[in-house]
2 protein chains.
Amino acid sequence: MLDGEVRKKLTAIVGESNVLDSEENLIVYSYDATPNYQAMPDAIIKPGNRVEIQDIVRVCNEHKIPIVPRGSGTNLCAGTCPLEGGIVLLFTRMNAILEIDEENLSVTVQPGVITLDMIQAVEEKGLFYPPDPSSMKISTIGGNINENSGGLRGLKYGVTRDYVMGLEVVLPNGEVIRTGGKLAKDVAGYDFTRLMVGSEGTLGVVTEATLKLIPIPETKKTMLALFDSLEGAGKAVSSIIAHKIIPATLEFLDQPTLEVVEDFAQIGLPTDVGAVLLIEQDGPVEVVERDIAKIAEICEHIGATSVQVAKTNEEGLALTTARRAALSALARKKPTTILEDATVPRSKIAEMVRAINEIAKKYQVEICTFGHAGDGNLHPTCMTDSRNEEEMHRVEEAFSEIFAKAIDLGGTITGEHGVGVMKSPYLAWKLGNEGVNAMKTLKFAFDPNNIMNPGKIFAKETKKRVVVQK
Amino acid sequence: MLDGEVRKKLTAIVGESNVLDSEENLIVYSYDATPNYQAMPDAIIKPGNRVEIQDIVRVCNEHKIPIVPRGSGTNLCAGTCPLEGGIVLLFTRMNAILEIDEENLSVTVQPGVITLDMIQAVEEKGLFYPPDPSSMKISTIGGNINENSGGLRGLKYGVTRDYVMGLEVVLPNGEVIRTGGKLAKDVAGYDFTRLMVGSEGTLGVVTEATLKLIPIPETKKTMLALFDSLEGAGKAVSSIIAHKIIPATLEFLDQPTLEVVEDFAQIGLPTDVGAVLLIEQDGPVEVVERDIAKIAEICEHIGATSVQVAKTNEEGLALTTARRAALSALARKKPTTILEDATVPRSKIAEMVRAINEIAKKYQVEICTFGHAGDGNLHPTCMTDSRNEEEMHRVEEAFSEIFAKAIDLGGTITGEHGVGVMKSPYLAWKLGNEGVNAMKTLKFAFDPNNIMNPGKIFAKETKKRVVVQK
């Protein structure tokens, strides 16, 4: 519960109706989309503008009260779980699309705008915002920026970071900085724009963003390639890229994922194959036709058992929608679904998937794997039950080994979900103690009272590194 | 001159032959490509590997000796002028291309490799590294990274920052961090990769870099569109983008620049027109043909007096080579050439060029303007004589007013050259005191002894902001 004086100050800033601290409200914001993490905040505050946020931050800094900025809470790293209490900063009142600038190909938004709403608004003008996290129907742009969200189009188009041109940020001391602008080139000072992107709310509060847009691709085609084995699918991925084709989407689903997704979506996906690649190309008609034909040829040459090109846009959309539903589909199988995002260099995909399967077998846990094969970003997903402590222990051991393997292959512990609480014990595995120390130096310089989303990214203890027996 | 003990320590690290401190050597490294800045270093050190660099940094940190990392010194912000003495760190011995990874579309290099050498090496494999600073024949990748170099392809392909996937960096405390990797997606921790890119050697020493490559475009076409007026050219730029075409290159040259470039290159450029757009499109044959035809139509519709498509690749290359020679051509006219890079949102190009011409007239200085119209990155270039103090004062006043105007239009003081010494008195105009303070906080946290390239980015005093009379 907030101290009475603090509550009074915060209420004076945003008004009584924008301070929520009933038991029911606190429970609603005590967790996010990540299983097994819950902690009660002291209040939920809904600011209406940047000046109110500055005032809130100053009060919190003075009284050393944690601030957890939260969009829709769809993240998968417990990044918005208010671990150390304090206030949850909600952006529901700051959800305006401020400007779509067709001459400079940019859109300026408040952080609370829903990703898909913004995407649809710019598409009406013939413009395109490529980052498409699977949660985009409910996620916010502010959340996407804080997590540097990825999606299915990362290989060809990059991630959120690549589309943030400028930010307005309230720093932990209450000062406002404005970074970048509607500028394709700007080297005036350190790149605070990209420092803020993916900083998971630990360095400041994003209050406005200018995003880069591109012309919408003329057309799009979708295809499925079926393979007997993981190796076949992995080889096809490498071979497509080696032929200098960069598809818009190059998704991988293993057999167990396929079975679950088909059961959920009922669109006639094959369930008796080793692995499937879902491939999309977009762009000018001639190029799409040519690339899709070439990709089909490559997949057949590698030994695909079947290659099917979607005959209509609706058929293509059904396929990608089914893929986007993978998490929901898997979540139906068991009480607890843990979706990870170990990422490796693209050339190591088949090896990584094989290792995941061996590790799952070793620890007798059920793991399906799907993900963005084109950019090496896999989603090994464990269906389990958090009430079964013994099993949960095995799940944790299995994921530790998966992270260790990813790093051995030149990969990372998280490709697009963020570190949050969940991955923090593994961060030093990727960055080394020197890397984590450098981050702490930066964090402490900006936020000496550690008010911004405390308990995230930096772990109390690094987990002991798994040494995989060779 | 280095203290005897320090010299001994440094010699023990790199060997006598890699410590240069004769008068002639010190003079050679006392300046870079920027006019009017010169300061003597105490020694030039040529390390052979990362471990030597760690040892050097530790010695310098202990003895508080400035370190100025230097590639080929082609920067235009006096970024490698050893303002406060100390050592110049030269990477001539660390110029290897370590790996071209065709499966993961990446190249890993040491910082001293010449940009064009690397570009040619990857092109032999059918791969493409788009950033192309005009200095690429002699610049190094390390220098490009420190300055976040741009070039002619920024509009379509982005700048150096967009192609750096991972770095190895020696921090001012001598520790090594490794950021990123051969990974299209990686959100494990703060984005130190992009923090280092463009930090002008003030935060650490880059010792290795992994860069992203893309498939080389199939084909390329070049065209020239001539206009009576600046406004016509500006309108054409906006109209091309509004038609959802993103050319690979969209360069602008005003009449005085054209005259000087033609005098230098002798390739039959028109010299009696108001302005010229040099436009290139690359990609699949059909798309290039279609885009070039459409662009020609747009330019004619806007009122171009002539539109000429290069008939051969050689003719196209001659045109872009002439454009790349603009600085050299202008430099022949007067003893001192000051090339600036005020940048504005693309839609403000015509207004900015008009303002530059008015300001030049007001201060009676000679300024030609050319640059990257597609990304709003202009190069107003003043031909003057640094021995004429009175004129130099007027030049400085004129550029102050140009920077103020760029910021008024939503632009920046530097699009691709960096802040260095030259632009440091103006940095707060773009970032505000809050922004500069945030940067100082970061700099001090990483480099409390201020050994890394001291005197750069942060000015002793911010220049008084020009208030333009309306």
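Residues numbered from 1 in each chain as written. Chains lettered and ligands numbered in written order. Predicted model: local features only at pLDDT ≥ 70, side-chain atom pairs only at ≥ 80, totals over all residues. Heavy atoms only, no water.

By the naming in an unreviewed UniProt entry, chain A goes by Glycolate oxidase subunit GlcD and is assigned to Halalkalibacter alkalisediminis. Annotation of chain A in UniProt includes, under Cofactor (unreviewed entry), the sentence "FAD". (UniProt positions renumbered as here; feature names shortened; annotations may be inferred.)

Below, the discussion takes up the overall build of chain A. If you tally the helices and strands in chain A, you get 15 helices and 18 strands. Taking 2.2 N^0.38 as the reference for a compact globule, 470 residues should give roughly 23 Å; the C-alpha atoms of chain A span a radius of gyration of 22 Å, in line with that estimate. Counting all 470 residues of chain A, 64% fall into the buried class. Excluding contacts between residues fewer than 6 apart, the proportion of contacts in chain A whose partners are at least 24 apart in sequence is 73%. When the accessible surface of chain A is summed, it comes to about 17,000 Å², and 49% of that surface belongs to carbon and sulfur atoms. Taking the average location of the 49 positive side-chain charges in chain A and that of its 64 negative ones, the two points are 3 Å from each other. (Helix = DSSP H or I, 4+ residues; strand = E, 2+ residues; numbered from the N terminus. Rg over C-alpha atoms; globule rule 2.2 N^0.38 Å. Buried < 20%, exposed > 50% of the residue type's maximum accessible area, 1.4 Å probe, protein only. Contact = heavy atoms within 4.5 Å. Areas by Shrake-Rupley, 256 points an atom, 1.4 Å probe, with all protein chains shown as cover. Lys, Arg positive; Asp, Glu negative; His and termini not counted. Charge placed at Lys NZ, Arg CZ, Asp CG, Glu CD.)

The next thing to look at is the interface of chain A and chain B. Quite often, the size of an interface is put as the accessible area lost when its parts meet. Contact residues are listed per partner, giving 79 residues for chain A and 79 residues for chain B. Of the roughly 6,300 Å² buried between chain A and chain B, counting both surfaces, carbon and sulfur atoms make up 60%. When the buried area of chain A at its contact with chain B is split by residue, K185, V187 and Y190 of chain A rank highest and sum to 16% of it. Applying the counting rule to chain A against chain B returns 11 salt bridges. Linking E286 of chain A and R290 of chain B is a salt bridge whose minimum nitrogen-to-oxygen distance equals 3.4 Å. Across the contact surface, chain A and chain B share 32 residue pairs in polar contact (both at pLDDT 80 or more). (Buried area = accessible area lost by both parts, 1.4 Å probe. Salt bridge = Lys/Arg side-chain N within 4 Å of Asp/Glu carboxyl O. Polar contact = N/O pair within 3.5 Å; in protein donor to acceptor, adjacent residues only side chain to side chain.)

Residue and element names in this part refer to chain A. Along the chain, the position of V164 falls in strand 8 (residues 164–170). Residues V164 and T115, spaced 49 residues apart in sequence, show a C-alpha to C-alpha distance of 14 Å. If sequence neighbours within four positions are ignored, V164 has contacts with I145, T193, R194, V197, T210 and L211.

Taking 1.5 Å as the rise per residue, helix 10 (residues 285–302) of chain B with 18 residues should run 26 Å; its terminal C-alpha atoms sit 26 Å apart, in good agreement. Among the residues making up helix 10 of chain B, those that are buried are V287, V288, D291, I292, I295, A296, I298 and C299 of chain B. Seen along its axis, helix 10 of chain B keeps its buried residues to an arc of 165°; they face one direction. Those residues of helix 10 of chain B that are buried lie in contact with helix 10 (285–302) of chain A together with strand 12 (219–227), helix 8 (230–242), strand 14 (275–283) and strand 15 (306–309) of chain B. In the segment just after helix 10 of chain B, G303 of chain B is the residue with positive phi, at about 110°. (Expected span 1.5 Å × (residues − 1). Arc of directions from axis to C-beta.)

Aligned on chain B, chain A shows an RMSD of 0.0 Å; the corresponding rotation is 180° and the shift along the axis is 0.0 Å. The two molecules are tied by a two-fold rotation axis, judged by turn and shift. Of the interface residues in chain A, 100% have counterparts in chain B that sit at the interface too, so the contact is made through matching surfaces. (Least-squares fit on C-alpha atoms with pLDDT ≥ 70 in both.)

A few words on the pairing of strand 12 of chain B. Of the pairings in the sheet, the one linking strand 12 of chain B to strand 14 of chain B comprises nine bridges and is antiparallel in character. Bridge assignment links A225 of chain B to a residue of strand 14 of chain B, and that residue is L277 of chain B. (Pairing = 2+ DSSP bridges.)

Once that is clear, we can look at the nonpolar core. With 195 residues, the main nonpolar core has L211, L277 and L442 of chain A together with L211, L277 and L442 of chain B as its most contacted residues. Discounting chain neighbours no more than four positions away, the residues touching L277 of chain A are M223, L224, A225, F227, A233, A236, V237, L250, E251, F252 and A373 of chain A. (Core = buried A, V, L, I, M, F, W, Y, C linked by side-chain atoms within 4.5 Å.)

Mapped onto this structure's residue numbering, the UniProt feature "domain: FAD-binding PCMH-type" (unreviewed entry) falls at residues 37–216 of chain A. Secondary structure within residues 37–216 of chain A divides into 22% helix and 24% strand; the distance between the first and last C-alpha atoms comes to 39 Å.

It is worth spelling out the domain arrangement of chain A at this point. Residues and elements named next belong to chain A. When cut into domains, chain A gives domain 1 (4–90), domain 2 (97–215), domain 3 (219–329) and domain 4 (333–446). Put simply, the middle of domain 2 and the middle of domain 3, counted by C-alpha atoms, are 29 Å apart. Counting residues at the interface gives nine residues for domain 2 and 11 residues for domain 3. Among the residues domain 2 hides against domain 3, the three largest losses belong to L152, L155 and K156. Together they make up 67% of the total. (Domains from an automatic or database assignment.)

Taken together, the side chains of I27, Y31 and M40 of chain A present a nonpolar region at the surface, about 260 Å² in accessible area. Considering the arrangement of structural elements, one finds I27 of chain A in helix 2 (residues 23–28). (Patch = residues over 30% accessible without salt bridge, like charges linked within 9 Å, V, L, I, M, F, W, Y side chains within 5 Å.)

Attention now goes to the environment of I216 of chain B. Residues and elements named next belong to chain B. Relative to the helices and strands, I216 resides in the loop between strand 11 (214–215) and strand 12. For the pair I216 and G151, spaced 65 residues apart in sequence, the C-alpha to C-alpha distance is 17 Å. The contact partners of I216, leaving out residues within four places of it in the chain, are E123, G126, L127 and F128.

Another aspect to go through is the packing of helix 8 of chain B against helix 13 (residues 349–362) of chain B. Residues and elements named next belong to chain B. It is the contact of helix 8 with helix 13, at a shortest axis distance of 8 Å, that shows an interaxial angle of 155°. In terms of orientation, helix 8 and helix 13 fall into the roughly antiparallel class. Regarding helix 8 and helix 13, the two cross each other, and that crossing is right-handed. When helix 8 is examined against helix 13, the residues L230, E231 and G234 are found in contact with a partner set consisting of A350, V353, R354 and N357. (Axes fitted to C-alpha atoms, helices over the stretch in contact; angles between N-to-C directions. Parallel < 35°, antiparallel > 145°, perpendicular 65-115°, else oblique. Left-handed = near helix turned anticlockwise from the far one by under 90°.)

The subject of this paragraph is the packing of aromatic side chains. Residues and elements named next belong to chain A. Counted under the stated rule, the structure contains 14 aromatic pairs over all chains. Between Y426 and W429, the ring centres sit 5.0 Å apart and the planes meet at 85°, which makes this aromatic pair edge-to-face. Comparing Y426 with W429, the two get one shared label, buried. Three or more aromatic residues link up through ring pairs in this structure, and these residues are F399, F403, Y426 and W429. (Phe/Tyr/Trp six-rings, centres within 6.5 Å; stacked < 30°, edge-to-face > 60°.)

Here we come to the side chain of K185 of chain A. Tracing the backbone shows K185 of chain A in the loop between strand 9 (176–180) and helix 7 (192–196). Side-chain polar atoms of K185 of chain A contact the side chain of N377 of chain B, separated by 3.2 Å. Not counting residues within four places of it along the chain, the set of residues in contact with K185 of chain A comprises G150, G151, G154, V159, T343, H372, D375, N377, T412, G415 and E416 of chain B.

A word on helix 11 (residues 313–324) of chain B. The periodicity of an α-helix, 3.6 residues per turn, causes residues three or four positions apart to be oriented the same way. Residue and element names in this part refer to chain B. With 12 residues, helix 11 extends 16 Å from end C-alpha to end C-alpha; this agrees with the ideal 16 Å at 1.5 Å per step. Here helix 11 has its buried residues at G316, L319, T320, A322 and R323. Relative to the axis of helix 11, the buried residues are bounded by an arc of 155° and lie together on one face. In this structure, helix 11 carries N313, E314 and L317 as exposed residues pointing more than 90 degrees from its buried face.

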